[in-house]
Amino acid sequence: MSADDALLVRRCLRGDAASIQTLVERFQSNVLGLCIRLLHHRQDAEDVTQEVFLRVFRSLKRWDASRPLKPWIMTIAVNRCRTWLTQRARRPELVEYLHETAASAPADDAAELAREIQAALAELRPDYRLVFALYHEQGLPYEDIAEAVDKPVGTVKTWLHRARLEILERLRRRGMVSEVEHELS
Amino acid sequence: MNCLELQGALHDVLDGGRFPPEAAAHLADCASCRELYGAAQSLTHGLTLLPRPEAAPLLTQSIVAAVLAERRRTQQVRRRIVLAVALAASVAAVLLVGWLLQTPRPDDKMIVNKALPQPEPPKLIQGAEDARTAMASLTERVAGQTKEQAKLLMSVADALELPMTNLPVLKVDEPLDPAAKSLRQATQTVASGIEPITRSARRAFTFFVNEMPMFEIPQKN
Ligand SMILES: [Zn+2]
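Residues numbered from 1 in each chain as written. Chains lettered and ligands numbered in written order. Predicted model: local features only at pLDDT ≥ 70, side-chain atom pairs only at ≥ 80, totals over all residues. Heavy atoms only, no water.

## What to know about the overall build of chain B
In plain terms, the rule: Helical segments are the DSSP runs of H or I of at least four residues, strand segments are the runs of E of at least two, and each set is numbered from the N terminus. Each residue is assigned to one of three classes by its accessible area relative to the maximum for its type, calculated with a 1.4 Å probe on protein chains only: buried under 20%, partly exposed between the two thresholds, exposed over 50%. Here the accessible surface of atoms and residues is derived via Shrake-Rupley with a 1.4 Å probe, and residues count as covered only by protein chains that are part of the display.
Assigned secondary structure in chain B consists of seven helices and zero strands. Buried residues in chain B amount to 16% of all 221 residues. As displayed, chain B offers around 17400 Å² of accessible surface, 63% of which is attributable to carbon and sulfur atoms.

Written out as structure tokens, the structure is:
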């Protein structure tokens, strides 16, 4: 994967348009997903996703080919989302779209559970939500998350554990608890 | 295992690990932890249900177009910078060549030096000249005043029609009559008036003599 990424990056640096498109397609869902999770707004998330890729290609020369490409791109995405959130905090009239994604889901049990988890995520502290999304949705290991959020691994683990406990507590309050008796025997 | 340890085990499971066997015993006895475990199972399942946002093809095209446009702009700017640097280097090279061609060689420098006017003499000489002139004019003025006073005395003497040849020789110690006293006083006044000037002139002359070795005195052949 890393060798593949390295080859793709080399082609991108030469200005090959097809390779640039391949790189965008390979990572845009991850970036967009994280942006939606952190910004709670599809249009904002798409704008930020575009900004992220512009920055990715601007600084592609500085990417360390010995490291995987995805965490590096996700670090840029985290930073852009944080900047966007800071700017949006100065525009309070734009904050009213927090549950947009959850509200648009269909109303069966699975959708209900997904909606509940998303609502729980939306209520988390931004730092907790960020590490939760990077770990459980983006599949990044603790070390890469620590680098992306610029915190020690211990802090990342603490934030993730607290995030999980808050979500679990909400699910329990809402009665979204699986039966466990026979599974443990 | 207590409730806190079970929470730790729960995180291990959510991290992809296995649930330890002793946790089952605790769950059987602790309703709170049992609920928490059930919620964790719901979370694990629910995470697979979360919608994976798919980027619209339009977004992909928009991103790629923006990246390529920025790349073109960057290349244009880089090309302009290279052009400007090359131009500046050419101008600098032309100026350097021109300067090298105009710089006189060592032989030329000697000729140029000969053609140049002689450097100005040291300013001390000029100052000494000024001082000499000032001293001369001052002395001349005092001498003139003295001469005028002498003329005045002579005219007074003429008016009195004194026989100049038969004038008695005055002895310094002898008491003088009032008229003679005034004449001697006048002489002393003139002498005492001139004295500071003569003293200054002597001092100035000594100074010039001391400073003279600094100047080269042209020798007469
Ligand atoms: Zn317990």
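Additional details are given in the paragraphs that follow.
## Considering the interface of chain A and chain B
For an interface, size is often stated in terms of accessible area lost upon the parts coming together. Spelled out, the test is: Any two residues whose heavy atoms approach within 4.5 Å at even a single point are treated as in contact. Two parts placed together each lose some accessible area under a 1.4 Å probe, and the buried area is that loss summed for both. Salt bridge, as used here: a side-chain nitrogen of Lys or Arg that lies within 4 Å of a carboxyl oxygen of Asp or Glu. Pairing of N or O atoms within 3.5 Å defines a polar contact, subject to two protein rules: one partner must be a possible hydrogen donor and the other a possible acceptor, and residues neighboring in sequence count only if both atoms are side-chain atoms.
Between chain A and chain B, the contact holds 52 residues from the first and 41 residues from the second. Interface area, chain A with chain B, both sides summed: about 4000 Å², of which 65% is carbon and sulfur. At the boundary of chain A with chain B, the tally comes to three salt bridges. Residue aspartate 15 of chain B pairs with arginine 164 of chain A through a salt bridge whose shortest N-O separation is 2.5 Å. At the boundary of chain A and chain B, one finds 13 residue pairs in polar contact (both at pLDDT 80 or more).

## Regarding the packing of helix 7 (residues 126-137) of chain A against helix 9 (residues 153-173) of chain A
Residue and element names in this part refer to chain A. For clarity, the threshold we go by: Lines fitted to C-alpha atoms define the axes, with helix axes restricted to the stretch in contact, and inter-axis angles between N-to-C directions lie between 0 and 180 degrees. Comment on the angle field: the value is read as roughly parallel under 35 degrees, roughly antiparallel over 145, roughly perpendicular from 65 to 115, and oblique elsewhere. Residues are grouped as follows: nonpolar covers Ala, Val, Leu, Ile, Met, Phe, Trp, Tyr, Cys and Pro; charged covers Asp, Glu, Lys and Arg; every other residue, Gly included, is treated as polar.
The contact between helix 7 and helix 9 brings their axes to 8 Å, and the two run at 95°. Taken together, helix 7 and helix 9 sit at an angle that is classed as roughly perpendicular. Residue-level inspection shows Asp127, Tyr128, Val131, Phe132, Tyr135 and His136 of helix 7 in contact with helix 9, the latter providing Val156, Trp159, Leu160, Arg162, Ala163, Arg164, Glu166 and Ile167. Partitioning the contact of helix 7 with helix 9 into residue classes produces nine nonpolar, one polar and four charged.

## Thoughts on the coordination of the zinc ion
Tetrahedral coordination by four donors places them ideally at 109.5 degrees to one another around the metal; octahedral coordination by six donors ideally gives 90 or 180 degrees. All names here are of chain B. Heads up, the condition is: Coordination partners: N, O, S within 2.8 Å of the metal, 3.2 Å for Na, K and Ca; water not considered, so apparent gaps in a site are possible. Irregular is the label for any site that misses the other tests, which are tetrahedral for four donors with all angles between 85 and 135 degrees, and square planar for four donors or octahedral for six when opposite donors exceed 155 degrees and the remaining angles lie between 65 and 115.
The coordination sphere of the zinc ion, as far as protein atoms go, consists of Cys3 (SG), His26 (NE2), Cys30 (SG) and Cys33 (SG), spread over 2.1 to 2.3 Å. Note that the zinc ion binds four donor atoms; their angles at the metal cover 102 to 114°, and the shape is tetrahedral. Of the residues examined, cysteine 3 reaches a relative accessible area of 37% and is grouped as partly exposed. By relative accessible area, which is 13% here, cysteine 30 ends up buried.

## A look at the confidence of the model for chain B
Residue and element names in this part refer to chain B. Where we set the bar: In predicted models, pLDDT denotes the confidence assigned by the predictor to each residue on a 0 to 100 scale.
Averaged over chain B, the pLDDT score is 76; the fraction of residues at 70 or greater is 63%. For chain B, per-element mean pLDDT is lowest for helix 5 (residues 106-115), which scores 56, and highest for helix 3 (residues 31-49), which scores 93. Both scores are available for the predicted complex, with the pTM at 0.62 and the ipTM at 0.83.

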